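What the coordinates show
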Amino acid sequence: MTQVQALTSPFARPGRALAVGALICLALAGCGTDQPGDDNAQDGAGTTAGSKVSAPSPSADRAAFAKMLDRVARRCPPPGTYPAASKPSGPPEEPSLPPGESPPTDPIEPGAPTEPESVLNARDWCASVQHEQRIIEALQAVPTPTPASVRKTLNGLGYIDERIHGLRQDGTTTRFHLDLRESGGRLCEAGTAAGATTDVTPCLAPATGPFTVERADEQPS
């Protein structure tokens with residue numbers, strides 16, 4: 001009887017209360033480690049729940065494109081320098097006339113230049129050679145030059161979609177234009193992706209405004 005009274009005596013109750021309280025705290029702590037909405041919760045793939053992978057913004061693409069243009073033309077003259085075509089020094093030569101004919105009295109209007117080297121500034125003409133070499137080398141390695149594969153190759157070189165125009169299949173080749181205008185320049189490139197016979201040549205575009213090709217032998221895009 002004495003032992004039973006000792007167990008039920010008031011002196012034994014505080015110990016039991018502490019033990020029960022400790023069990024409750026452990027249970028609450030265990031539940032709190034994985035609460036819904038926890039910012040650190042992860043999904044089954046090991047990625048943070050609610051996280052999103054954002055695509056590059058258009059402004060970031062344009063900035064990367066501008067850096068690529070500078071890198072390609074790093075050894076070329078600065079923008080806005082002298083024309084690429086050399087100008088004759090001294091007065092123009094008088095045309096030879098058949099005997100008995102007199103020279104015309106009306107002024108002769110010079111014809112509008114049609115070749116890119118007559119209009120492009122020195123930087124654009126220099127840069128065009130660099131662009132053509134890298135594009136031709138890359139496209140020659142494309143076994144099947146479809147518009148999709150050509151676009152992917154051009155993107156890989158740093159040419160963004162908004163500067164790629166007129167991609168179209170033409171038999172076993174793919175044709176395209178590249179808008180490479182910067183700082184008031186007029187440079188564009190006309191390309192034909194055809195494996196080993198791939199070719200890229202310079203063309204002219206307006207200094208400002210929407211992209212079109214101004215060469216007579218090129219079709220606007």
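Above this text sits the structure in question.
Computed from a predicted structure; not experimentally measured.

Another point: the state of the cysteines. What we call a disulfide is simply a covalent bond connecting the sulfur atoms of a pair of cysteines. Tallied over the full model, the rule gives two disulfides. Put simply, Cys76 and Cys126 are joined by a disulfide, and their sulfur atoms are 2.0 Å apart. Judged by the sign of its S-S torsion, about -70°, the cystine formed by Cys76 and Cys126 is left-handed. Taken together, the residues span a long stretch of sequence, with Cys76 in the loop between α3 (58-72) and α4 (122-140) and Cys126 in helix α4 at a distance of 50 residues. The residue that forms a disulfide with Cys188 is Cys203, at a sulfur-sulfur distance of 2.0 Å. Residue Cys188 is located in strand β3 (residues 187-193), and its partner Cys203 is located in strand β4 (residues 199-204); the two are separated by 15 residues in the primary sequence. Pair check on accessibility: Cys188 and Cys203 agree, each one buried. Numbered by order of appearance in the sequence, the disulfide-linked cysteines of the chain pair as 1-2, 3-4.

Here we come to the environment of Ala148. Tracing the backbone shows Ala148 in helix α5 (residues 147-156). Taking the C-alpha atoms as reference points, Ala148 and Gln169, separated by 21 residues in sequence, lie 9.9 Å from one another.

Glancing now at unusual backbone geometry. One non-glycine residue, Ser183, lies in the positive phi region at around 50°. Turning to its location among the elements, Ser183 is positioned in the loop between β2 (173-179) and β3.

Rules of the game
Residues numbered from 1 in each chain as written. Predicted model: local features only at pLDDT ≥ 70, side-chain atom pairs only at ≥ 80, totals over all residues. Heavy atoms only, no water. Disulfide = S-S within 2.5 Å. Helix = DSSP H or I, 4+ residues; strand = E, 2+ residues; numbered from the N terminus. Buried < 20%, exposed > 50% of the residue type's maximum accessible area, 1.4 Å probe, protein only.

Just geometry here; none of it tells us what the structure is for.
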